[in-house]
Amino acid sequence: MLILSKEELLFLVQDYYGMILAAVFCVGVTFLLSKAFKRVSTGDPGDIPGRLGFPLLGETFSFLSAANSAKGCYDFVRLRRIWHGKWFKTRIFGEIHVFTPSVECAKTIFANDFVQFNKSFVKSMADVFGEKSLLCVTQENHKRIRHILSDPFSMNALSKFVEKFDKMLSERLKKLEKQGKSFAMLDFATKIAFDAICDMLMSVTEPSLLQQIQRDVDDVSDAMLSLAVMIPGTRYYKGIQLDDTEIKDNLLTLILAGESTTAAATMWGVKFLDENKEAQDRLREEQLLILRKKPEGASLTLEDLNNMSYGSKVVKEILRMSNVLLWFPYVTLNDSTIEGFKIKKGWYVNIDATGIHYDPTLHKDPMKFNPSRFDEPQKPYSYVPFGAGHRTCLGINMAKLTILIFLHRLTSGYKWRVDDPDPSLERKAHIPRLRSGCPITLTAL
Ligand code: HEM
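Residues numbered from 1 in each chain as written. Predicted model: local features only at pLDDT ≥ 70, side-chain atom pairs only at ≥ 80, totals over all residues. Heavy atoms only, no water.

In its Cofactor (unreviewed entry) section, UniProt records this for the chain: "heme". According to the UniProt record, the Subcellular location (unreviewed entry) comment for the chain is "Membrane". (UniProt positions renumbered as here; feature names shortened; annotations may be inferred.)

As structure tokens, this is what we get:
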């Protein structure tokens, strides 16, 4: 029998103390890891599959790492769809998020907006855009503000916009072609979209003023102040029934919502057409026919745009494939069940527009750029680049017309070469854009 002195016993216990601590630590880490990487399932068929990851942290690092990669943040969703299926849940920034490309879910959320679901991140959006932005207000105020804001987007206002934008674009493209230098399509489209929106909403065309607003828009809080100073006296200000805060919050919303989305879609259009010469040739043929019927140097009209049947399908296909807004996040206001899946109050449900647009059961051969697919009518909610319901994009017509005018001037006046074929996406961007900005060089036809 082993007999130990008091000192020897104390030494052994102290030695074991470290080992016990190490063992407890290992068990703890193993427990957390197993929880983090375990697929959450209680066997209930209403349970949405997925991994919630570490408590609070969840899969935030994986999400950030995807957003910071050349594949972009949708890669996070793409991978989990492969692992878990059509519906999955995850935890990001401490909140539970459900992602689904289900058209049934899109239909339910769009139809029950404000009642059963609401636009998510209202608070953080209010910090950026202002509390009275269309994106943050209550249902009642939303209806009123939206009604008033729809005036500059009426067909009458847009028909003036078409002529102005066409003139602006034609002049700038001509200048670039003469210079013969490569330019980033993304930067070019961003600048011209910004200038056009400011002109339409505030009648601001003076370069130094535009430059100032651009700086201010980049620095959001300053923008609110400067826009408020500029509005009185402009065409848009007259007769408007919104208070000063509503005006500045919503002008900022319109500029931010319209500029980067339209510019990114235009950039993708140039890239897709470069890679699909057949579609480009067919588009050019249609656009040249329209151009040749007009007096030389005349601007496009709404009527001309209405005659661009193939061009309109090209715009639709660009929007389907580019998925400028990858998904639409909504927060659940009450426990709900959609397609048998249980969604708890407080969870975020993301309508995965990209997943809907790439679903082969809804769009045949979805990764192929094929504008003619729109010869056939689309199934309800299978094509949602502008959302649907109460919050359908307010700038939907303006965006479509802008891209169409771009396509007309590019294909009827020029051929272009993409100078950098790198497909890497811009890192940390919530809108998918090429890191290169898609540099092109124009040659007159
Ligand atoms: C290609 C360009 C564009 C795309 C793909 C796009 C897409 C969208 C989508 C999907 C929504 C709804 C999001 C949701 O339900 O959560 C939306 C809302 C909105 N968009 Fe656009 N948009 C574009 C251009 C524009 C332009 C040019 C403007 C204005 C100048 C604009 C102004 C707005 C506004 C104000 C809302 C909020 C509407 C509301 O809450 O009632 N968008 N957009």
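The rest of the description comes next.
Peer 1: Would you mind going over helix 6 (residues 139-149) with me for this structure?
Peer 2: An α-helix turns once per 3.6 residues; consequently, residues spaced three or four apart project the same way. Listed as buried for helix 6 are His-142, Ile-145, Arg-146, Ile-148 and Leu-149. End-on, the buried residues of helix 6 take up no more than an arc of 160°, which puts them together on one face. Among the exposed residues of helix 6, those pointing more than 90 degrees away from its buried face are Glu-140, Lys-143 and His-147. The inward-facing, buried residues of helix 6 contact helix 11 (244-275). (Buried < 20%, exposed > 50% of the residue type's maximum accessible area, 1.4 Å probe, protein only. Helix = DSSP H or I, 4+ residues; strand = E, 2+ residues; numbered from the N terminus. Arc of directions from axis to C-beta. Contact = heavy atoms within 4.5 Å.)

Peer 1: In this structure, what is going on with unusual backbone geometry? I would like to understand it.
Peer 2: Excluding glycine, residues mostly carry a negative phi; peptide bonds, for their part, are mostly trans. Unusually for a residue other than glycine, Leu-56 sits at a positive phi of about 65°. By secondary structure assignment, the location of Leu-56 is in the loop between strand 1 (50-51) and helix 2 (60-67). Under the relative-accessibility criterion, Leu-56 is labelled exposed at 68%. Notably, Glu-339 is not glycine yet its phi reads approximately 50°, a positive angle. Summarising the element assignment, Glu-339 is placed in the loop between strand 7 (336-338) and strand 8 (341-343). Among the residues examined, Glu-339 registers a relative accessible area of 42% and is labelled partly exposed.

Peer 1: Would you mind showing me how to read the pattern of salt bridges here?
Peer 2: Once the charged atoms of two side chains with opposite charge are near each other, the side chains can pair. Taken as a whole, this structure holds 20 salt bridges when the rule is applied. Between Asp-113 and Arg-391 there is a salt bridge; the shortest N-O distance is 2.7 Å. Taken together, the positions of Asp-113 in the loop between helix 4 (103-111) and strand 4 (117-119) and Arg-391 in the loop between helix 15 (353-357) and helix 16 (396-413) put the pair 278 residues apart, joining distant regions of the chain. A relative accessible area of 12% places Arg-391 in the buried class. The partner of Asp-195 in a salt bridge is Lys-191, with the nearest N and O atoms 2.8 Å apart. Of this pair, Asp-195 and Lys-191 both sit in helix 8 (residues 185-202), 4 residues apart, which is roughly one turn of the helix. Connected through shared salt-bridge partners, Arg-172, Lys-191 and Asp-195 make up one network. (Salt bridge = Lys/Arg side-chain N within 4 Å of Asp/Glu carboxyl O.)

Peer 1: What is the right way to look at the side chain of Arg-320 in this model?
Peer 2: Here Arg-320 shows up in helix 14 (residues 309-322). Note on Arg-320: relative accessible area 0%, which makes it buried. A polar side-chain atom of Arg-320 sits 2.7 Å from the main-chain carbonyl oxygen of Pro-366. Filtering out sequence-adjacent residues up to four positions away, Arg-320 remains in contact with His-357, Tyr-358, His-363, Pro-366, Lys-368, Arg-373, Phe-374 and Tyr-383. (Polar contact = N/O pair within 3.5 Å; in protein donor to acceptor, adjacent residues only side chain to side chain.)

Peer 1: Would you explain the packing of helix 6 against helix 11 in this entry?
Peer 2: When two helices pack together, you describe them by how their axes are tilted relative to each other and by the distance separating the axes. Where helix 6 contacts helix 11, the two axes come as close as 12 Å, and the packing angle between them is 70°. Judged by the angle between their axes, helix 6 and helix 11 are roughly perpendicular. The way helix 6 lies across helix 11 gives a crossing that is right-handed. The segment helix 6 lies against helix 11, with Arg-144, Ile-145 and Leu-149 engaging Glu-246, Asn-250 and Leu-254. Class assignment for the residues of the contact of helix 6 with helix 11 results in 3 nonpolar, 1 polar and 2 charged. (Axes fitted to C-alpha atoms, helices over the stretch in contact; angles between N-to-C directions. Parallel < 35°, antiparallel > 145°, perpendicular 65-115°, else oblique. Left-handed = near helix turned anticlockwise from the far one by under 90°. Nonpolar A, V, L, I, M, F, W, Y, C, P; charged D, E, K, R; others polar.)

Peer 1: Is there a simple way to think about the UniProt feature "binding site: heme" (unreviewed entry) in the chain in this case?
Peer 2: The UniProt record marks Cys-393 with the feature "binding site: heme" (unreviewed entry), using the residue numbering of this structure. Tracing the backbone shows Cys-393 in the loop between helix 15 and helix 16. Not counting residues up to four positions away in its chain, the partners in contact with Cys-393 are Arg-146 and Phe-386.

Peer 1: Is there a simple way to explain the packing of helix 12 (residues 277-292) against helix 14 in this structure?
Peer 2: Running from amino to carboxyl end, helix 12 crosses helix 14 at an angle of 140°, the nearest separation of the two axes being 8 Å. By the criterion of interaxial angle, the relationship of helix 12 to helix 14 is oblique. Taken as a pair, helix 12 and helix 14 cross one another with a handedness that is left-handed. Each of Ala-279, Arg-282, Leu-283, Glu-286 and Gln-287 in helix 12 lies in contact with helix 14, whose residues at this interface are Ser-309, Tyr-310, Gly-311 and Val-314. In terms of residue class, the contact of helix 12 with helix 14 is built from 4 nonpolar, 3 polar and 2 charged.

Peer 1: For this particular structure, what's the right way to read the packing of aromatic side chains?
Peer 2: Under the counting rule described, the total for this entry stands at 17 aromatic pairs. Each member of the aromatic cluster is reached from another via a ring pair, and the members are Phe-63, Tyr-74, Phe-76, Phe-88, Phe-93, Phe-99 and Trp-327. Of note, Arg-51 hangs over the ring of Trp-83, and the distance from its end group to the ring centre comes to 5.0 Å. Over the ring of Tyr-383 we find Lys-316; its NZ or CZ atom is 5.8 Å from the centre of that ring. (Phe/Tyr/Trp six-rings, centres within 6.5 Å; stacked < 30°, edge-to-face > 60°. Lys NZ or Arg CZ within 6 Å of the ring centre and 35° of its normal.)

Peer 1: Where do I start with the environment of Thr-245 in this structure?
Peer 2: Turning to its location among the elements, Thr-245 is positioned in helix 11. Of the residues examined, Thr-245 reaches a relative accessible area of 33% and is grouped as partly exposed. Remark: the alpha-carbon pair of Thr-245 and Gly-130, spanning 115 residues in sequence, is separated by 8.0 Å.

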